[in-house]
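Commentary on secondary and tertiary structure
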Amino acid sequence: MNASAKSGGDVALSLAGVDKIYAPTAERPVHAVKALDLDVRKGEIVALLGSSGCGKTSTLRMIAGFEAVTRGSITLAGRRIEHLAPARRGVAMAFEGYSLYPPLTVRDNIAFALKGAKINARDADKAVREVAALVEIEPILDRYPSSISGGQQQRASLARALVRPADLYLLDEPMGQLEPRLRALLRGRLKQLLGERGMTSIFVTHDQTEANALADRVAVMEGGVLQQLANQTELKERPANLFVATFIGEPPMNVFDAKVEVGERVRFAVENGPRLDFSANEFSESARREIAKRARVVIGVRPHDLRLNSGSNEARVVSNQWLGDQSHLALDVAGKLMVAVAFSEMGASRRDNLRYDVPAAKLHVFDADDGKAVSHGAAAA
Ligand SMILES: Nc1ncnc2c1ncn2[C@@H]1O[C@H](COP(=O)(O)OP(=O)(O)OP(=O)(O)O)[C@@H](O)[C@H]1O
Ligand SMILES: [Mg+2]
């Protein structure tokens with residue numbers, strides 16, 4: 001990451017109010033991307049994370065120019081680009097389906113991306129070899145796409161996108177086909193390359209670890225809507241809504257419907273479940289005020305944040321797994337499973353009762369109707 005991205009510097013790419021509706025005149029149009037506002041800073045790496053069909057590829061294809069925007073504007077490096085042909089946008093893209101040219105060797109596929117880049121043949125050849133080494137495909141440079149594996153095609157496609165000079169790099173699941181070790185190796189190299197050259201990029205992944213490891217910020221999408229764009233710590237500690245809260249983090253956040261009362265104390269009651277009773281001063285005034293507007297909320301606590309063998313709530317142990325460095329416990333709470341993680345070996349066995357506590361500082365509160373965050377720990381959302 002370069003200095004300007006760190007300090008929140010210049011915006012390289014800006015999407016404003018972008019919509020994508022496929023088959024708008026059909027009986028059932030598909031509203032794939034909805035009112036998308038997205039700013040990516042110069043030199044920044046943004047991961048696009050979300051479940052299948054949430055609109056990730058549609059977003060990248062609109063930026064690259066392979067799909068028209070239905071509404072909205074796209075600005076890159078100070079130029080409005082949404083009406084320009086793909087070749088004139090200054091965007092390099094590695095496609096989800098690789099789309100290599102079958103009649104060309106891997107080498108020529110990669111080199112083809114340099115046509116028009118005004119560099120001499122020797123430099124072009126050097127650039128191709130360097131990027132091929134980076135993604136570990138040097139031995140297959142003279143083969144044709146039809147004779148190499150899916151993982152090799154994927155890396156050839158990635159190399160072809162990376163070799164070009166461009167204002168923006170779009171990588172659609174660039175390492176999805178690769179086995180875990182190669183993936184981890186390439187992730188490190190890719191991060192170094194993008195960082196060293198200050199290459200502004202957006203990459204799609206389904207893998208949270210990959211998103212966290214590679215990106216400066218993560219954009220979480222669902223149902224065509226950007227849910228939150230934030231760094232990894234914010235997404236964990238200050239999720240904007242219930243979707244992000246339960247989507248980000250492994251194992252996922254535990255959530256329960258609860259009644260709430262705010263007075264001298266702040267009390268949450270889960271039906272047939274725990275009562276959480278806090279002194280009012282464990283919450284800021286604005287958090288108390290926000291919580292007090294509601295009679296019902298959704299409360300959430302991450303598995304790592306539960307305190308075990310402490311407090312006055314008890315739950316029956318459903319399972320207890322020691323993973324070698326941490327214990328994962330499933331507890332029966334209000335007829336649901338609540339997962340707790342402890343970084344020591346827990347002695348509890350199935351059907352034991354275990355005491356647990358939720359520290360106020362680790363409690364997340366969400367609106368029961370729209371799922372928007374109300375408070376995180378002591379602070380209002
Ligand atoms: N050409 C098209 N015509 C009609 N609908 C489409 C078209 N392309 C995509 N869609 C629909 O738009 C929605 C978003 O698709 P998109 O490919 O952007 O999802 P995605 O987030 O990339 O999913 P995945 O993780 O599976 O790749 C889906 O409902 C999909 O079926
Ligand atoms: Mg996709």
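Residues numbered from 1 in each chain as written. Chains lettered and ligands numbered in written order. Predicted model: local features only at pLDDT ≥ 70, side-chain atom pairs only at ≥ 80, totals over all residues. Heavy atoms only, no water.

Let us now look at the site of ligand 1. Taken together, 13 residues are adjacent to ligand 1, and Ser52, Gly53, Thr57, Ser58 and Glu96 come closest. Take Thr57: an N or O atom from its side chain is 2.8 Å from an oxygen atom of ligand 1. A distance of 2.7 Å is found between an oxygen atom of ligand 1 and a side-chain nitrogen or oxygen belonging to Glu96. Protein contact buries 63% of the 640 Å² of open area that ligand 1 shows by itself. Of all the secondary structure elements, the ones that give two or more residues to the shell around ligand 1 are β2 (30-41) and α2 (56-64). At three residues, the largest contribution of residues to the shell around ligand 1 is made by α2. Taken together, the residues of the shell around ligand 1 sort by class into four nonpolar, six polar and three charged. (Near = heavy atom within 4 Å. Polar contact = N/O pair within 3.5 Å; in protein donor to acceptor, adjacent residues only side chain to side chain. Areas by Shrake-Rupley, 256 points an atom, 1.4 Å probe, with all protein chains shown as cover. Helix = DSSP H or I, 4+ residues; strand = E, 2+ residues; numbered from the N terminus. Nonpolar A, V, L, I, M, F, W, Y, C, P; charged D, E, K, R; others polar.)

Further remarks concern the nonpolar core. If you look at the biggest cluster of nonpolar residues, it comprises 46 residues, and the most contacted ones within it are Ile110, Ile137, Leu162 and Val218. At six residues, helix α5 (residues 150-163) tops the list of elements feeding residues into this core. Ranked by size, the runner-up nonpolar core spans 35 residues in total, among them Leu276, Phe278, Ala287 and Tyr356. (Core = buried A, V, L, I, M, F, W, Y, C linked by side-chain atoms within 4.5 Å. Buried < 20%, exposed > 50% of the residue type's maximum accessible area, 1.4 Å probe, protein only.)

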